[in-house]
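What follows is each chain in one-letter form.
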2 protein chains.
Amino acid sequence: MKNIGMLLSGRGSNFEAIAKNVAERRIPDARIAIVISNKHETAGIETARRLGLESLVIPSKGMQREEHDRAVAAELKKRNVDLVCLAGYMRLLSPWFVQQFPRRILNIHPSLLPAFPGLEAQQQAFAYGVKVSGCSVHFVDEELDHGPIIVQRAVNVQDGDDEHTLAARILDQEHIAYTEAINVVLEGNFQIVGRRLVRK
Amino acid sequence: MKNIGMLLSGRGSNFEAIAKNVAERRIPDARIAIVISNKHETAGIETARRLGLESLVIPSKGMQREEHDRAVAAELKKRNVDLVCLAGYMRLLSPWFVQQFPRRILNIHPSLLPAFPGLEAQQQAFAYGVKVSGCSVHFVDEELDHGPIIVQRAVNVQDGDDEHTLAARILDQEHIAYTEAINVVLEGNFQIVGRRLVRK
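Each chain carries its own residue numbering, running from 1 in the direction its sequence is written. The naming scheme follows written order: chains are lettered A onward, ligands numbered 1 onward. Totals for whole chains, interfaces and linings use all residues, but because this is a predicted model, local features are given only for residues with pLDDT of at least 70 and pairs of side-chain atoms are given and counted only at 80 or more. Side-chain metrics in this entry use all non-hydrogen atoms of the structure; hydrogen atoms and water are not considered.

Participant: Tell me about the overall build of chain A, and name the residues and values.
Facilitator: A count of helical and extended segments in chain A gives 6 helices and 9 strands. Just to be clear, the radius of gyration here is over C-alpha atoms, and the globule rule we use is 2.2 Å times residues to the power 0.38. On C-alpha atoms alone, chain A measures out to a radius of gyration of 16 Å, which is about the 16 Å that the 2.2 N^0.38 rule sets for 200 residues. Its C-alpha atoms give chain A principal-axis dimensions of about 50 × 40 × 35 Å. A buried classification covers 54% of the 200 residues belonging to chain A. Residue contacts are defined here by distance: any two heavy atoms, one from each residue, within 4.5 Å place the two residues in contact. Counted over contacts in chain A with a minimum sequence separation of 6, partners at least 24 positions apart contribute 63%. As displayed, chain A has an accessible area near 9100 Å², and 48% of this comes from carbon and sulfur atoms. Neither His nor the chain ends is counted toward charge; the positive residues are Lys and Arg and the negative residues Asp and Glu. Just so you know, the charge point we use is NZ for Lys, CZ for Arg, CG for Asp and CD for Glu. Averaging the locations of the 25 positively and 24 negatively charged side chains of chain A gives two centres separated by 5 Å. Helix and strand definitions here come from DSSP, where helices need a minimum of 4 consecutive H or I residues and strands a minimum of 2 consecutive E residues; each element is numbered from the N-terminal end. Relative accessibility under 20% of the residue-type maximum defines a buried residue, over 50% an exposed one, and the middle range a partly exposed one, all with a 1.4 Å probe and only protein chains included. Shrake-Rupley sampling with a 1.4 Å probe provides the accessible areas, and residues are treated as covered by the protein chains on show and by no other component.

In structure tokens form, the structure reads like this:
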């Protein structure tokens, strides 16, 4: 049984999709061991409670980055977490934290990286006028939105789209992509060549 | 009847696909009025001759950029070209040339722009480890691989791919995308909002 730790700062819609797929065995032999929010009263923590999952708030406000990261890592390690999944975790991780879980931290980003890193990626893509956008699940390394890509899914921009309808269709694909990526990583049948993830 | 001018420097595989689609009326009411190469003895010029299309070589070697562009523009204007299509034209166009054909110059690029502009885009994408790449047809403006995007088509990177198999599958989609984009532009039922092309 593999233990997943979830980090979030808000709604955690990707967390909820992952929890459903764990419950329905589309992510087999895994459980969500802990859900940690860096903010109080997030909808994500409410969801965790409703689903009967252990959850914690470790407020980051006013804490140094690494100090906060050490508190989070301690809770993750206490639960023998195999995989750390960021689901709308709005805080940069320290190099120290990244080194604690080598190739064991995943993030999802609402664009086809390396295009449109950073905040409001869907809006950036829409304003740029791309006709194809999508989402990316990648390993977290010490640079923002940068580690090796595990799964990407494309989404066509439609003529009637605005940035909200586009973001909603990307989110649907995020929910699929994140589960695909977790299964790839937990199965472990891959290697990293340069910065390419290659399945064996 | 709309007149298309093709500029190329080599094989011109996209030129050949466009010529086929013009002949088979998938690009209706249009003809290729002139094919211009900036290099001698290109396969693209051979193809033009074989297809009975008028062609010219205007060598760029040793010429100043704008001097060469003026010679090319003169030949295009002589044939009342409505649309200038770059098909592997390995030469930057001068601002002067771009201004002669406002929103009338198209280029195709083998990546999902704005990712991987510049040379060897397929190899760049492969080495980066993306799981989705593709191609982009865009208006040419005064910056490299930058103008408003008309059509993009996605291509999944497969586990067994190398950069050559990926480039080949992208090329198949280029041949479809370029014809789609030419039809959008020749039909004219669009507007540019910011830098987004929006079909009416």
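The rest of the description comes next.
Participant: Which residues make up helix H5 (residues 121-128) of chain A, and what values go with them?
Facilitator: Along H5 of chain A, the residues classified as buried are Ala121, Gln122, Ala125, Phe126 and Tyr128 of chain A. Seen along its axis, H5 of chain A keeps its buried residues to an arc of 165°; they face one direction. Among the structural elements, strand E5 (105-109), strand E6 (132-139) and helix H6 (163-187) of chain A together with strand E7 (149-156) and strand E9 (196-199) of chain B are those in contact with the buried residues of H5 of chain A. Phi for Gly129 of chain A, located one or two positions after H5 of chain A, is positive at around 90°. For this quantity, the arc is that covered by the directions from the helix axis to the C-beta atoms.

Participant: Quick one: what's the story with the relation of the copies chain B and chain A, residue by residue and with numbers?
Facilitator: Copies of the same chain, two in number, are related to each other by a rotation about an axis and a translation along it. Overlaying chain B with chain A gives an RMSD of 0.0 Å, the required rotation being 180° about an axis along which the chain moves by 0.0 Å. In the structure described here, the two chain copies are related by an operation that fits a two-fold rotation axis. Within chain B, the C-alpha atom positioned nearest to the axis of rotation is that of Ala115 of chain B, 2.6 Å from it. In this assembly, 100% of the residues forming the interface of chain B have copies in chain A that are likewise at the interface, indicating an isologous arrangement. For the least-squares superposition of copies, only C-alpha atoms count, and only for residues with pLDDT at least 70 in both.

Participant: Kindly report on the sheet that holds E5 of chain A, identifying the contributing residues and their values.
Facilitator: All names here are of chain A. What the 7 strands build is an open sheet, ordered E3-E2-E1-E4-E5-E6-E7; its pairing is mixed. With one partner strand each, in any of the chains shown, strand E3 (55-57) and strand E7 (149-156) form the two edges of the open sheet. Going from strand to strand, the sheet's axes swing by 20° on average, the running direction of each strand aside. Sheet topology note: the strand E1 (residues 2-8)/strand E4 (residues 83-86) ladder contains 4 bridges and is parallel. Strands pair, by our definition, only if DSSP identifies at least two bridges between them. Note on geometry: axes are lines fitted to C-alpha atoms, helical ones only across the stretch in contact, with angles between N-to-C directions running from 0 to 180 degrees.

Participant: Which residues make up the environment of Cys135 of chain B, and what values go with them?
Facilitator: All names here are of chain B. Looking at where Cys135 falls in the secondary structure, it is placed in strand E6 (residues 132-139). Owing to a relative accessible area of 0%, Cys135 belongs among the buried residues under this scheme. For the pair Cys135 and Leu92, spaced 43 residues apart in sequence, the C-alpha separation works out to 19 Å. Those residues in contact with Cys135, other than ones at most four positions away along the chain, are His109, Pro110, Ser111, Leu112, Val151, Gln152, Arg153, Ile170, Gln173, Glu174 and Ala177.

Participant: How would you sum up the sheet that holds strand E2 (residues 30-37) of chain B? Please name residues and give values.
Facilitator: Residues and elements named next belong to chain B. Strand order across the open sheet formed by 7 strands is E3-E2-E1-E4-E5-E6-E7, with mixed pairing between neighbours. Across the chains shown, the open sheet's two edge strands, defined by having one partner strand only, are strand E3 (55-57) and E7. Direction aside, neighbouring strands of the sheet carry axes that sit 20° apart on average. As paired strands, strand E4 (residues 83-86) and strand E5 (residues 105-109) are joined by 2 bridges and run parallel to one another. Along E5, the bridge assignment pairs Val84 with Ile105. Helix H3 (residues 65-78) rests against strand E1 (2-8), E2, E3 and E4 of the sheet, and its axis sits at about 160° to E2.

Participant: Give a detailed account of the domain arrangement of chain A, specifying residues and quantitative values.
Facilitator: All names here are of chain A. Taken domain by domain, chain A holds domain 1 (1-101) and domain 2 (106-200). The start and end points of each domain follow an automatic or database-based domain assignment. On a C-alpha basis, the centroid separation for the pair domain 1 and domain 2 is 20 Å. Each partner contributes residues to the interface: domain 1 has 22 residues there, and domain 2 has 17 residues. Here's the idea: put two parts together, see how much 1.4 Å probe accessible area each one loses, and the total over both is what we call buried area. Where domain 1 abuts domain 2, roughly 1600 Å² becomes buried across the two surfaces, and 65% of that area is made up of carbon and sulfur atoms. Three residues stand out in domain 1 for area buried against domain 2, namely Asn14, Leu83 and Leu86, and they jointly supply 31% of the buried area on that side. Salt bridges are defined by distance alone: a side-chain nitrogen of Lys or Arg within 4 Å of a carboxyl oxygen of Asp or Glu. In this structure, the connection of domain 1 to domain 2 is made through 0 salt bridges. Whenever a nitrogen or oxygen atom comes within 3.5 Å of another N or O atom, the pair is scored as a polar contact, on the condition that within protein one atom can donate a hydrogen and the other can accept it, and that pairs from neighbouring residues in sequence are kept only if both atoms are in side chains. The interface formed by domain 1 and domain 2 holds 8 residue pairs in polar contact (both at pLDDT 80 or more) in total. Mapped onto the side of domain 1 that touches domain 2, the elements with two or more residues apiece are E1, helix H1 (13-23), E4 and helix H4 (95-100). Three classes are used, and their members are as follows: Ala, Val, Leu, Ile, Met, Phe, Trp, Tyr, Cys and Pro are nonpolar, Asp, Glu, Lys and Arg are charged, and the others, Gly among them, are polar. Of the residues in the side of domain 1 that touches domain 2, the class split is 15 nonpolar, 4 polar and 3 charged.

Participant: Tell me what's going on with helix H2 (residues 43-50) of chain A, and back it up with residues and numbers.
Facilitator: Residue and element names in this part refer to chain A. Where H2 is concerned, the buried positions are Gly44, Ile45, Thr47 and Ala48. Along the long axis of H2, the arc covered by the buried residues comes to 155°, so they all point the same way. Residues of H2 that are exposed and point more than 90 degrees away from the buried face comprise Arg49 and Arg50. Tucked into the core, H2 has its buried residues touching E1, H1, strand E2 (30-37) and E3. Phi for Gly52, located one or two positions after H2, is positive at around 75°.

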